[in-house]
Amino acid sequence: QVQLVESGGGLVQPGGSLRLSCAASGSIFRINVMAWYRQAPGNERELVARISSGGLTDYANSVKGRFTISRDNAKNTVYLQMNSLKPEDTAVYYCYFATLRTPYWGQGTQVTVSS
């Protein structure tokens, strides 16, 4: 059974940085899209960034220039480097993997940006 295990969340001051990681355990093949979503209290879940199997990336306007998504296909792992963090980045961050047939979600990791 495939599980996505996230790490790297926590509390950081405004202007600080965090790096999230998400690794798949179990057998998973031919991951097409890897992505990060987030959900703040009272808000819908929104796409933060995604990366294709070929390395093409796409970002929400609110994080462009501050966040960088990357992937290691050999390790079935996706990363999200978050710089210049703002209080409005506070949310639960979820990783997402999609093969041709099946979507997978992580359990979520809390990111809190506060002084």
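Please read all numbers here as calculations on a predicted model, not as lab measurements.

Trainee: Residue-level account of the pattern of salt bridges, with values.
Mentor: For the structure shown, the criterion picks out four salt bridges. A salt bridge links aspartate 89 to arginine 38; its shortest N-O distance comes to 3.0 Å. Highlighted residues: aspartate 89 in the loop between strand S8 (77-82) and strand S9 (91-98) and arginine 38 in strand S4 (residues 33-39), separated in sequence by 51 residues. Residue aspartate 89 shares its accessibility class with arginine 38, and that shared class is buried. A salt bridge links aspartate 89 to arginine 66, with the nearest nitrogen and oxygen atoms 2.8 Å apart. Of this pair, aspartate 89 sits in the loop between S8 and S9 while arginine 66 is found in the loop between strand S6 (57-59) and strand S7 (67-72), placing the two residues 23 residues apart along the sequence. Each member of the pair aspartate 89 and arginine 66 is classed as buried. Through salt bridges with shared partners, a single network forms among Arg38, Glu46, Arg66 and Asp89.

Trainee: I'd like to hear about the pairing of strand S3 (residues 18-25), residue by residue, with values.
Mentor: One ladder, built from five bridges, connects strand S1 (residues 3-7) with S3; its direction is antiparallel. Of the residues in S3, the one forming a bridge with valine 5 is alanine 23. Strand direction decides the pairing type here: S3 and S8, joined by six bridges, are antiparallel. Note that in S8 the partner of alanine 23 across the bridge is threonine 77.

Conventions used here
Residues numbered from 1 in each chain as written. Predicted model: local features only at pLDDT ≥ 70, side-chain atom pairs only at ≥ 80, totals over all residues. Heavy atoms only, no water. Salt bridge = Lys/Arg side-chain N within 4 Å of Asp/Glu carboxyl O. Helix = DSSP H or I, 4+ residues; strand = E, 2+ residues; numbered from the N terminus. Buried < 20%, exposed > 50% of the residue type's maximum accessible area, 1.4 Å probe, protein only. Pairing = 2+ DSSP bridges.

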